[in-house]
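Survey of secondary and tertiary structure
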Amino acid sequence: MALPGENTKFYETPNHPYQGERISEESDLVSRYGLKNKEELWRAQSELRNFRREARRLLGRTEAASGDEFVSRLQRIGVLSDQEGLDDVLSLDVTDVLERRLQTVVYRDGLANTVGQARQFISHGHITVDGARVTEPSYTVSVSEEDALAFDERSDLTDELHPARAGAQE
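Here goes a summary of the coordinates provided. This structure is a prediction, so every number in the text was calculated from the model and none was measured.

Before going further, it helps to spend a moment on the side chain of Thr-95. Positionally, Thr-95 belongs in helix 4 (residues 94–98). Beyond its immediate chain neighbours, meaning those up to four positions away, Thr-95 contacts Leu-29, Arg-32 and Tyr-33.

Here you go:
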């Protein structure tokens, strides 16, 4: 028997088991972002669903609650830009959440040749964020941490001539 709260899922599975169009869209996102399985995609979708739910709750209030803290949190993690507000949360897509994963940011910054290689570098402990080793590919990178991504100084990948970094320099 598990401890209370230990077996709680952080995602919801699709309601219908087979829908060809949904399955092909999910497969495309899984391959494009280098996710391990669809559970990681469903987790990002649930996170986005929670963002939207909170935005609808704040927009529906009649009192003066503007939701500035919620919007600033989304801007801090990079899901919203500085010009966007509470209304724009409802138009977010799951790709906006997936773009903020450490795995994707490492690939986009050119530290890895592919998203799969980025995942491997992260899980093997070669990537640091603000000097701290992070081994979780699903780590959400904030805007302030985006420029602080680097190879760990104890890693062999710090050498520019390492074979795994051959294509990343171009």
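Moving on, we come to the sheet that holds strand 2 (residues 132–133). Pairing in this open sheet of three strands is antiparallel, and the strands run 2-1-3 from one edge to the other. The sheet is open, and its two edges are formed by strand 2 and strand 3 (149–151), each paired on a single side. Relative to strand 2, strand 1 (residues 127–129) is paired through two bridges, and the arrangement is antiparallel. Counterpart to Val-129 in the pairing with strand 2 is Ala-132.

Our next topic: the packing of helix 2 (residues 38–59) against helix 3 (residues 68–76). Two elements in contact, helix 2 and helix 3, have axes separated by 10 Å at closest approach and are oriented at 150°. In terms of orientation, helix 2 and helix 3 fall into the roughly antiparallel class. Judged by the twist between their axes, the crossing of helix 2 over helix 3 is left-handed. Between helix 2, through Phe-51, Glu-54, Ala-55 and Leu-58, and helix 3, the contact on the second element is made entirely by Phe-70, Arg-73 and Leu-74. Its residues assigned to classes, the contact of helix 2 with helix 3 shows five nonpolar, no polar and two charged.

Angle between the axes and distance between the axes: these two values describe a pair of packed helices. Here helix 1 (residues 20–33) crosses helix 2 at 100°, and the two axes come no closer than 10 Å. Considering the angle they form, helix 1 stands roughly perpendicular to helix 2. Two secondary-structure elements touch here, helix 1 through Ile-23, Glu-26, Ser-27, Leu-29 and Val-30 and helix 2 through Lys-38, Leu-41 and Trp-42. A class-by-class count of the residues in the contact of helix 1 with helix 2 yields five nonpolar, one polar and two charged.

The rules behind these values
Counting of residues starts from 1 at the beginning of each chain's written sequence and follows it residue by residue. Restriction of local features to residues with pLDDT of at least 70 applies here, the model being predicted, together with a cutoff of 80 or more for giving and counting side-chain atom pairs; totals for whole chains, interfaces and linings are based on all residues. Calculation of side-chain values draws on the structure's entire complement of heavy atoms; hydrogens and water are dropped beforehand. Strands here are runs of E lasting at least two residues and helices are runs of H or I lasting at least four, both read from the DSSP assignment and numbered beginning at the N terminus. In this description, contact between two residues means that some pair of their heavy atoms is separated by no more than 4.5 Å. Only strands that DSSP links by at least two bridges are regarded as paired with each other. With axes taken as lines fitted to C-alpha atoms, and helix axes fitted only over the stretch in contact, angles between N-to-C directions fall between 0 and 180 degrees. Should an angle fall under 35 degrees it is called roughly parallel, over 145 degrees roughly antiparallel, and 65 to 115 degrees roughly perpendicular, with every other angle called oblique. In this scheme the handedness of a crossing depends on how the near helix is turned from the far one: anticlockwise by less than a right angle means left-handed, clockwise means right-handed. Each residue receives one of three labels: charged for Asp, Glu, Lys and Arg, nonpolar for Ala, Val, Leu, Ile, Met, Phe, Trp, Tyr, Cys and Pro, and polar for the others, Gly being one of them.

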